[in-house]
Every structure is written in C-alpha cells, then in structure tokens.
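Residues per chain are reported as follows:
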Amino acid sequence: MGPFAWDGPMSTVVAASDMARDVLALYGLITWICVAIGTLVFAVLGYVLVRFRERPGAPLPAQSHGRPWLEIAWTLGPAIVLLVIAVPTIQVIFRTQTLATPRDALEVVVRGYQWWWEFSYPSLGVVTANELVVPAGRRVVFRLEGPDVIHSFWVPKFGGKRDVVPGRANTMTLMPSSAGDFWGQCAEFCGASHANMGMRVVVHAPERFDAWVRAQRAPAVEPAGEPATTGKALFAASACVGCHTVRGVSAGTLGPDLTHFGSRTTLGAGMLPNTPQNLVAWVRDAPALKPGAKMPPFRLTDEQARALAAYLLALQ
Amino acid sequence: MATRIDTHPHPVAAHAEATGLVAWLTTVDHKRIGILYGVTAFVFLLVGGLEALLIRLQLALPHQRIVGAEFYNALFTMHGTTMIFLAVMPLNAMFFNYMIPLMIGARDVAFPRLNAFSYWVYLSGGIFINLSFLVGTPPDGGWFGYANLTTRPFSPGPSIDFWVIGLQVLGVSSVVASVNFAVTIMNMRAPGMTLMRMPLFVWMSLIVQFLVVLAFPIITVGLIFLMMDRFFGTHFFDVAAGADLHLWQHVFWAFGHPEVYILILPAFGIVSEVIPTFARKPLFGAPVMIYSGILIAFLGFGVWSHHMFASGMGPVADAAFSIATMLIAIPTGIKIFNWLATLWGGRIHVTTAFRFAAGILGVFTIGGLSGVMHASPPVDLQQTDSYFVVAHMHYVLIGGTLFGIFAGLYYWWPKMTGRLLDERLGRINFWTMFLGFNVAFFPQHFLGALGMPRRIYTYPADAGWTLWNFVSTAGAFVLGLGVALFLVNAALTMRRGARAAGDPWDGRTLEWRTSSPPPVHDFDQIPPVYSRDTFWREKYGDRHGRKPVPRPPMPEPHGIHLPAPSFWPIVAAVGILAAAVGALTHLALVVAGAAVTVVAIFAFALEHHGNPAHAHQVGELAVDHRKLAMWTFLGSECFFFGTLIATYLAYKGRNVVGPHPHEILNLPLTTLSTFDLLMSSLLMVLALAAAQRGDRTQTRLWLAGTVLFGVIFLGFQAWEFTEFVHEGLTLRTNLFGSTFFTLTGFHGGHVAIGVTWLTTLLILDLRGRLTVADALKVEVAGLYWHFVDIVWIAIFTLVYLIP
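Keep in mind it's a predicted model, so treat the numbers as computed, not measured.

**Examining the overall build of chain A**
Within chain A, the regular secondary structure consists of 8 helices and 14 strands. Taking 2.2 N^0.38 as the reference for a compact globule, 316 residues should give roughly 20 Å; the C-alpha atoms of chain A span a radius of gyration of 27 Å, well beyond that estimate. Projected onto its principal axes, the C-alpha positions of chain A cover 95 × 50 × 40 Å. Of the contacts formed within chain A by residues at least 6 apart in sequence, a portion of 62% connects residues at least 24 apart. Once the 27 positive and 22 negative side-chain charges of chain A are each reduced to a mean point, those two points are 5 Å apart.

What follows is the structure, given as structure tokens:
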C-alpha cells in the first residue's frame, strides 16, 4: 500500500457496511462544503494581504466602522450552509440509531476488558476473543458491555464507534456489506495498554460464516503427539486454568476463552502474529510484550514453553 | 502629555518601585504580577512542549521504544494538563494583568493583593502537579481524567492524586483571579469608558472571566467527587454501587467546553486589537464582534455533550447537541469575516505581531471548519478519539490561541519591557512556527482519516500511518525551533534592543498613551475617553478629522493611591501548597498548611482594616468593588451547588443497598432547622440596617443573634449526621450516603465559614473597630449569608420535601 493510499485496515473513508455508507456520504458532503468555505476564506485573505499592503505615501484609509448589510449577509449565509449540513445529519443520526432489529439479526455481545475483547454469540453458543467474525448481508446487533473501565468499540469500516460503558447498555446495529477482513481498535483511553487493544474483524459470506460457527461450537481439539500432549498436561495443571476456558479442560473467566485459540491469526489483542515463537515469549512473560497485561510472567523452561505453545496452537 | 505626579503622593507609592527578591515576593503591582505570570507560564510552555516532542519522537516510527507505555500515558496527560492550565491560561493571565488596567485607564486591579494571591496559588499548583515527576508517579489518566479509570481500583498509585488535588488548587487561583478581573473591568474603567467603548481585548477578557467563574466550579465539584471516591470511599463513580459513568463526562465537559472558549477568546481579543492597529482602520463592526463573543460564550455552555457523541446518549440528545454546536459556527464565522473586512481597504503595515494575527485567520479557519465536521455526530463517530481530533484541537489551540499569544507578545512586548523585539528575527520566528505547525498537524487529519486512534504509544507498521507520523514529528521539531527563536529574540533585544516609545505602533487604545514601560502608577493622570479607539481619536480626530475638545485632567483630591506590598498572599499560597503535599504524605501537614492559610487569610483581611484609603472603593458601576466581587463569586457558587444538587438528583433512586432517603430523613427536625436558618437571615438584615445607621448596640445584638442561629443550625446538622451514622448511613454506605453527605456537608461548611466571618465582624465591633464606614463589610458578609440560606431552601425542598 502506497503512502498516499486512503485505504488501510483502519480507514474511515472506505465503507464496509450500510451504516458506513450513510456516514461516508455525509462525511464527504461536509468535507467538501468545508473545503469550499476554507478556499473562499483563503482566497479573500490572500487577496486582501496583497492588495491592501502598505505602500509608501499612501494616505490613511477611511475610518469606516462597518456595514450592517454585509454583516447580516455573513450571518445568514453560514446559517443556510449549516442547514444543508444539519438536515442530513439529523437524518443519519435517526436512521443509524433507531433501526428496528429484524428477527434474523445476529446478536454479538462485545465485552471490552483491560486490554482485550470478548465476542460472544448467545444465539450460537460461540465465545471467542479479539477476532470478530460476522456474516455479510445480515443485520448484526452489537451489545456493548463493560466489565471494568470505559472502552470504545471502533471498527472504522463499519462506520463509527460506540463507547463500552460499564453499567450502560449501549448497542450498535449495522449490516456488513461484503466479505473482507480489516481491523478495529479500542478508541477510549483505558489505561496502560490502551494502544494494544486491537481486534481483527472478518466478514464471511453466509455459508462460510456457518462453517466457522460449526468449527467454533466443536469441542476443543484433543492434541495428538508431542510436545502438544505435554503442553495440555502442563496447561491443566498450572495457573492457566484459573483464568482461561478451554471447553472440557478448564472454566476460567478472567482471560480470553482459548477453546479455539489456534484458529486465531493474532495474539494479545491484535498485537502480534500468532506464531509459535511469539506464543512462547507470550506465555513466559506477557507483560514484557504488553505493558500492564494481567497475565503474570511464568517461570517455564524452554521445553515447557514450547509444549504449551504447541498445545495452544493445536486448539484449532 | 503633562507629567505631573500629585505633589502629595500616598506614602506607600514609594514601596512599589523597590527592587530585589522581597519586592517581587510581596508585589501587588499588576504589571509585575503580569510579568511573573508570563515568565512562569512560558517555562511551563517549554515543559509542555518538551513533553510534546517526546510524544512525537515516540510516534515518529512504528514500534518505537523511546518511552514505555505508562510513561507515554503520563506524557500526554501532563502535556494537556500543562498546556491548558499551566501555560495557556496563565499566558492569557499575563495579558489580563498587564494590559487590562492600562487599556481601561486604571492604575491597578480591583484587588491587588488577591491578584498576587492568584499568582502564588497558580505557581503552587504548577509545582505540586509537576512534583509527581520527581517521585516517579506522574498523572497518567488523560487531561480529561475519565472516571472510573481514574478511581482507586483502576489507578491505585498517587499519580491521579497529584492531578485531582493539583487541579483543585489551580481552580482556586483561576476563580479568584477571574472575580478580580471581572470586577476590575466592570468597575475600574476610566470615566467615559462605557462598556461599548471598551477595547475588544478587554471585552473578550471580561467574557472569559465570567466563563471561568461559572465553569470552574463545575469541574471543582467533579474533582471533589473523584477525590472523595479515592480518599474517603464514596461511590460517585462506583458502577457496582449504581453509579452512572456518564456523570463524570457530563461534569467534565460542562466545564471542558467553556474552557475551550476560555483559552481562545483572549486570542480573538488580541487579533481584534492587532489587525485594526496595523490595518490602520477601526475594527469592522465592533459591536457585532462583541455580541458574537458573548454569543459564543453563551452557546459554549450548551454544547458540552458533543464530546460525548460516542458515549451512547441516544439520538435525541445527539441531534440537539449537534445543532447547538453548529450554531456556534455562526458567531465564529462572523468574527473571521469581520476581521477580513477590517483588512479590506486598509493600509496594512506588516509586522511580526500582524503576521501572527493574520496567520490565525488562515489556520484557525481550518480548525473551525474541522469543528463543524465533528458537530455532525455520525461523522464525529469516525473522528472522535482519532488523530483527526488531535489535528482539529491543535489547529484551534495553537493556530488560534498560541498564535494569538505570540501576536500579543510581539505587539505588547515594547509596552511591557520598553524594548522592541527584533522584526527580522521576528519574521523568521513567525514563518518557522507557521510552517512547523502546519507540517506537524495538517497530516494528522490524514492519520485520523486512516483511523489512527489517539493516546496510543505505539502502532503497527502495516496500518498505513508511518509516513504521516514521521512528517508530523519533523514538523513538531520545526515548531519547537520556532518557539526557541522567540526566546533568542527576547534575550538578544532585552539589553541591546531598540528602545520603544510610548506609542511605537501608532496605536488606538489607551495603553499606548503612557510611557513604555509605564510608570508604577500607570498614568500620571487618568486619561480622558472620547470614543472607542479613543487614543486614535485624540491623535487623528474622527472620520472627518475633527479632534475632540481636550478634557481637563480628572481631579484627584487624594493623590495617587498605590496599594502597599503584602506578604500575606504568598504565605496563604504556601499554606495551600503545604496542605496539598500533606494530602499525599501526612495528615499533620494538611492541618499545618490549612492553619497557615487561615492565619494568612485573617491577616490579609485585617491588614488594612481601618485604613481610610481602603474605605471607599465605589467604581464605574456605582457599586463597591467588594460587593460586586461577592455577587460575581456567588454566581460561581450557584454553579457549585447547582452541580452538587444535580448530582444528588441524578443519583436519586439508584441505590443498590439501603438505607434509602425516605427511611431515614427526619422531616420535622429539618423543618425546624430550616426555620432557624431563615430567621438568621432576618437577623442579618437587622444587623446590616443597624450597622448602616451606626447603631453599635443593635449591630452587636443582631450580629450575635445571626451567629447564634447559625451555630444552632450547625448543631442540628451535627445531630442529624450523628443520627444517620447510628442508623448505618455514612459516606461509604451507598450512593445516597455519598451524595447526601457531600451536598449537605458542603453546605454546612459554607454555614460554618459564614459563622466564622460574622463572628470576626462581631469581635471587631466589640473591640470598637467596626465603624459606620465598615457597614459595607457587614453587607458583603450578609450577601454571602443570605445566599447560603437560599441554597438551603433549595436543598431542603429538593432533598427533604420532594419524596
């Protein structure tokens, strides 16, 4: 991607949902109006600065105090321009915030933790973390829940952000338009690793989404062979189980559900590629990679760390 | 101009010109205090700038490790806090201090010692917050300090304590200073300087004083809530106890948005002085410029929730706050257009001051337009908390405010120092800052469009943000160089610069009518005022060239009275600093600091008691300064109690556990205590009437009665609180306990202060030191007393009577 490209994984000027299309149209309208006004002001300013610059011997200018009709004009002019902005603004506000939820809408409960995301699909019995998967062409209702501090759920290509406020039931409703993958990130400052609270967003075609759901509902994979088998034993016997769920093995709820951890592409809430090397470093000392991470460092031998990583990556 | 000082100057006049450390520590001269503000604030500007450069260095490239996450968070927190409260506001205060008395033809501010007090408290607050760096725990919750992240469970260390206490200290400084300047502007104008003849800078300053007076109590209450949550276990921001986290956001932004205008309006005022001076034309449509400033400030109180479009307020609130926000664009646009119209047809003499002012017309316009973009909530949902907003607000606060301050510096420097800054270096100074600023911040619009969030210490290499971040960092360093060039210019010209005449720019307003720098008494004679731009009128006549008939100098039968220097302002401020440090270390220090402050306040208040030179302070509005100050302060108190009461009401019924209000409130008893407090107001009226007639026996009797009734009320309250504690309701029990005790406790505190004040007057009376000339002191105390009683009526109705 070239440096001047307007597309990027977080671009706000590329739409991937119905809401984003509405917002982008408004964004464009207002931007061009502002550019036009700005250009006009600069042109007048430039002209005035050149034309009325002091010339030797010029007399004092007329000491005029103002012209009311001009001032009325530039009170009314902007008022009309603002009306042009305000009307579609109000329309889009109500269109995007008062959507009826159709019966087939997919509900996703988004929980923002310091500093990771949990996505659960109550109707599908799926719980995952840091990778949001949704189907294209179906309305999705995001229910935003904050268990600790305020976060903000922002997937730019979906068309906006909404704060995740503990104690308040915020929602965001939209319809992803077509398959694709991009990023989202926490947009409300939430403490030490606010910068490391990203997410990956995948929009699947409906059939592929259903396949993904089936895979996620499946029980955790039984590891085959070494060192994954050792890794599982290590996992089950260590502090890991206190915080993490691997269905059938543990039921911790403080950290992300790891039942299908191996299917995720990133590690640490969008921070790092989910590779064996990164995972080894992560299980040994997560706070060294992610400041403030709640998972404490563990004293593991090379062998133990590799076994644990192998087990986790096997959880496809 | 004749230079004749009254042949019998007041004896204290000799003190004010003294030099040396003690003279500066005890100065009450508005010009010296202005310089103290300026120097201190510029140092903090450099500190905040250094923090900014570290931020930009860290972000120059992805995955940098120049600073860690926690320190980065502290950097942007302290950058914002420092720039707003320690650099820009006090730089504006420098101009208020130095220029306002000169521009309205006064010899000082209304309360010179309070003015010194404001400065020393500001310095104390600035030192206190920055002490946090020395102990390794700088505040790291953002300048907006969103609760609950800033509550004890999520920010356990002392970092937020420094912030929450430091800001309260600074708030004291700001409100005291603003009451002072509001009274100065309203009451100390030279004869003939009607409100509509006031220079635009003075007008914008007046508006700012009211904004500070009315907006700061709101944040003060928010900070009190946060402090009480952190120190005393209340539940204002405890979601589990039923708290609503929107509370902090509403309280913060109800202050925070007016704060934006507190920062920018003085710059608008400076531009409105600089442009006419160098275009050599009157300001186009000056009355409309004044009204639009008032309108901006007024609307500015009704738009705070546009900072919360993402927080989930619902479509109706979003729409309402969106429209209100867009409306602000109209008066702001008028200002830009009127400035352009002022230039139109002028004869523009380009100086550095002018360049900065004209620069604002360009770059502030960009900031204003991007503001219109955020006013549309759907668009804002893509821009808020992204770099687009960072760009927007720096276009407003650097492109508007800071450039305005630099325009003011280059414009008024000769007046303040008697030396001209070097214009050649000034031109380089301007262009370096202008280029650096635009290169640093314009690309941040692109970063915002590309979805880069704010307040992140690192970012991935594949997000497409690298190039613009690098460019932005380069620009920031050029901007920093530009600021450094100003220091070079100041240093070079301080000793060797050309001497400035009294009127180096052929100015239009009164400050140019005295020498540069002005004498300690500002004007040998109070200047005559013939019109707006009165000095120009005096020099060139009206538009037909008719000069006004010179007025004879104002008779000054008492000679020039200059206020005497005083140690008490700095002693009181040191006491406050000690108490603040004590809050983080040892309770004994809090007590000691508070004791020092109380002693200093009494000494301060009684220093000139009985001094005939202080008896008569009636000004332009035919009201005594002190009375006007009390009215202004009571406006501030309205917002203080308004916020407390609104919080009580907002949290009513959100209790998770009992006891609930109806189970515990004792209506008959409180009706009795309410009646008692109302009766005390009646006695207060009788006391004042007696004091005004000079009936000392009756004054004594009724003052004693008022004090007694006040004490009885406090007794009722103490009894009520004790009962509640016995029935299991404390600050920590539930939301009701937190809000109830905080609201009624602060009211009780006000009653206690009133009782102390009236007791002091009573003692003075008993010792024969309260004469009929002091009736005004009784009146001012009475105003406060009645106000506190009225507040109680509101509390009694809303808390006790309405179930």
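**Brief notes about the pattern of salt bridges**
Where charged atoms of side chains with opposite charge meet at close range, the side chains can pair. By the definition in use, this model includes 28 salt bridges over all chains. Where A:Glu118 meets A:Arg111, a salt bridge forms, and the shortest distance between an N and an O atom there is 2.6 Å. For A:Glu118, a relative accessible area of 11% puts it in the buried group. Residue classification places A:Arg111 among the partly exposed residues on the basis of a relative accessible area of 22%. Note that B:Arg280 is salt-bridged to B:Asp506, the shortest N-O span being 2.8 Å. Here the residue B:Arg280 occupies a position in the loop between helix H7 (246-279) and helix H8 (286-300), and B:Asp506 occupies one in the loop between helix H14 (466-496) and helix H15 (534-540), the gap between them amounting to 226 residues. The exposure classification of B:Arg280 matches that of B:Asp506, with both residues buried. Several salt bridges converge on common partners, so that one network encompasses B:Arg280, B:Asp503, B:Asp506 and B:Lys539.

**Examining the pairing of strand S2 (residues 116-121) of chain A**
Residues and elements named next belong to chain A. Burial within S2 is extensive, with 6 of its 6 residues counted as buried. Taking every second residue as pointing to the same face, both faces of S2 are buried, with Trp-116, Glu-118 and Ser-120 on one and Trp-117, Phe-119 and Tyr-121 on the other. As paired strands, strand S1 (residues 106-113) and S2 are joined by 5 bridges and run antiparallel to one another. Within S2, the position partnered with Val-110 by the bridge is Phe-119. In this sheet, strand S3 (residues 126-129) lies alongside S2 in antiparallel orientation, the contact comprising 4 bridges. Each residue of the ladder has a partner; that of Tyr-121, found in S3, is Val-126.

**Remarks on helix H6 (residues 276-284) of chain A**
Residues and elements named next belong to chain A. For H6, the complete set of buried residues consists of Leu-279, Val-280, Trp-282 and Val-283. Mapping the buried residues of H6 onto a view down its axis gives an arc of 165 degrees, with all of them on the same face. In this structure, the buried residues of H6 make contact with strand S13 (266-267), helix H7 (286-289) and helix H8 (302-314).

**Here's the deal with unusual backbone geometry**
Here A:Glu226 and A:Pro227 are connected by a cis peptide whose omega angle stands at 0 degrees. Going from B:Ala147 to B:Asn148, the amide bond is cis rather than trans, its omega being 10 degrees. Inspection of the secondary structure puts B:Asn148 in the loop between helix H4 (112-134) and helix H5 (159-187). Positioned with a positive phi, B:Arg455 is a non-glycine residue whose angle comes to about 60 degrees. Checked against the element boundaries, B:Arg455 lands in the loop between helix H13 (423-449) and H14. Here B:Arg455 falls in the buried class, since its relative accessible area comes to 10%. Its identity as a non-glycine residue notwithstanding, B:Ala622 has a phi of 60 degrees, on the positive side. Structurally, B:Ala622 is set in the loop between helix H17 (587-606) and helix H18 (625-651).

**Section: the sheet that holds strand S10 (residues 198-204) of chain A**
Residue and element names in this part refer to chain A. If you trace the 5 strands from one edge of the open sheet to the other, you get S4-S10-S9-S6-S7, paired in mixed fashion. With partners counted over all chains shown, the strands left at the sheet margins are strand S4 (131-135) and strand S7 (160-164), one partner each. The sheet shows a mean angle of 25 degrees between the axes of neighbouring strands, taken without regard to direction. Note: strand S6 (residues 151-155) against strand S9 (residues 180-186), 2 bridges, orientation antiparallel. By the bridge assignment, Phe-153 is partnered in S9 with Cys-186.

**What to know about the environment of B:Pro138**
All names here are of chain B. Considering the arrangement of structural elements, one finds Pro-138 in the loop between H4 and H5. According to the relative accessible area criterion, Pro-138 is buried, its value standing at 11%. The residues touching Pro-138, leaving out its near neighbours within four places in the chain, are Ala-74, Ser-132, Phe-133 and Ser-159.

**Quick look at the domain arrangement of chain A**
All names here are of chain A. Its domain assignment divides chain A into domain 1 (10-50 + 68-204) and domain 2 (228-314). In this structure, domain 1 and domain 2 have C-alpha centres spaced 33 Å apart. The interface is formed by 15 residues belonging to domain 1 together with 17 residues belonging to domain 2. Of the roughly 1,300 Å² buried at the junction of domain 1 and domain 2 (both faces included), carbon and sulfur atoms supply 49%. If you look at where domain 1 meets domain 2, you find 0 salt bridges. Viewed at the interface, domain 2 and domain 1 are joined by 8 residue pairs in polar contact (both at pLDDT 80 or more). Counting residues per element, the ones that place at least two in the side of domain 1 that touches domain 2 are S3 and S10.

**Comments concerning the side chain of B:His747**
Relative to the helices and strands, B:His747 is located in helix H22 (residues 735-766). A relative accessible area of 0% means that B:His747 is categorised as buried.

**Describing the pairing of S1(A)**
Residues and elements named next belong to chain A. Across the 8 residues that make up S1, a large majority, 6, are buried. Pairing geometry for S1 and strand S5 (residues 140-145), over 6 bridges, is parallel. Residue pairing for S5: Val-109 is matched across the bridge by Arg-143. From the end of S1 to the start of S2, which pair antiparallel, there are 2 residues.

**With respect to the domain arrangement of chain B**
Residue and element names in this part refer to chain B. With domains assigned, chain B is organised as domain 1 (33-522 + 529-550) and domain 2 (652-803). Measuring from the centre of the C-alpha atoms in domain 1 to the corresponding centre in domain 2 gives 39 Å. Taken together, the 13 residues of domain 1 in the interface contact 11 residues of domain 2. Both sides together, the interface formed by domain 1 and domain 2 hides about 960 Å², and carbon and sulfur atoms give 64% of it.

**Comments concerning helix H9 (residues 315-343) of chain B**
Spacing of three or four residues puts side chains on the same side of an α-helix, whose turn is 3.6 residues. All names here are of chain B. Between its terminal C-alpha atoms H9 stretches 43 Å, which fits the 42 Å expected from 29 residues at 1.5 Å a residue. Taking burial as the measure, the 29 residues of H9 include 23 buried ones, the bulk of the element. Within two residues after H9, Gly-345 carries a phi angle of roughly 80 degrees, on the positive side.

**Remarks on the interface of chain B and chain A**
Contacts between chain B and chain A engage 98 residues on the former and 85 residues on the latter. A per-residue breakdown of the area chain B buries against chain A is headed by B:Phe284, B:Arg347 and B:Gln382, which together make up 9% of the total. On inspection of chain B and its partner chain A, the count reaches 2 salt bridges. A salt bridge links A:Arg168 to B:Asp244; its shortest N-O distance comes to 2.9 Å.

**So, the packing of helix H12 (residues 387-417) of chain B against H13(B)**
Residue and element names in this part refer to chain B. Taken N-terminus to C-terminus, the directions of H12 and H13 make an angle of 165 degrees; their axes are 7 Å apart at the nearest point. As judged from the angle between their axes, H12 and H13 are roughly antiparallel. The crossing of H12 and H13 is left-handed. Residue classes in the contact of H12 with H13 are distributed as 16 nonpolar, 9 polar and no charged.

What counts and what doesn't
Residues numbered from 1 in each chain as written. Chains lettered and ligands numbered in written order. Predicted model: local features only at pLDDT ≥ 70, side-chain atom pairs only at ≥ 80, totals over all residues. Heavy atoms only, no water. Helix = DSSP H or I, 4+ residues; strand = E, 2+ residues; numbered from the N terminus. Rg over C-alpha atoms; globule rule 2.2 N^0.38 Å. Contact = heavy atoms within 4.5 Å. Lys, Arg positive; Asp, Glu negative; His and termini not counted. Charge placed at Lys NZ, Arg CZ, Asp CG, Glu CD. Salt bridge = Lys/Arg side-chain N within 4 Å of Asp/Glu carboxyl O. Buried < 20%, exposed > 50% of the residue type's maximum accessible area, 1.4 Å probe, protein only. Pairing = 2+ DSSP bridges. Arc of directions from axis to C-beta. Axes fitted to C-alpha atoms, helices over the stretch in contact; angles between N-to-C directions. Domains from an automatic or database assignment. Buried area = accessible area lost by both parts, 1.4 Å probe. Polar contact = N/O pair within 3.5 Å; in protein donor to acceptor, adjacent residues only side chain to side chain. Expected span 1.5 Å × (residues − 1). Parallel < 35°, antiparallel > 145°, perpendicular 65-115°, else oblique. Left-handed = near helix turned anticlockwise from the far one by under 90°. Nonpolar A, V, L, I, M, F, W, Y, C, P; charged D, E, K, R; others polar.

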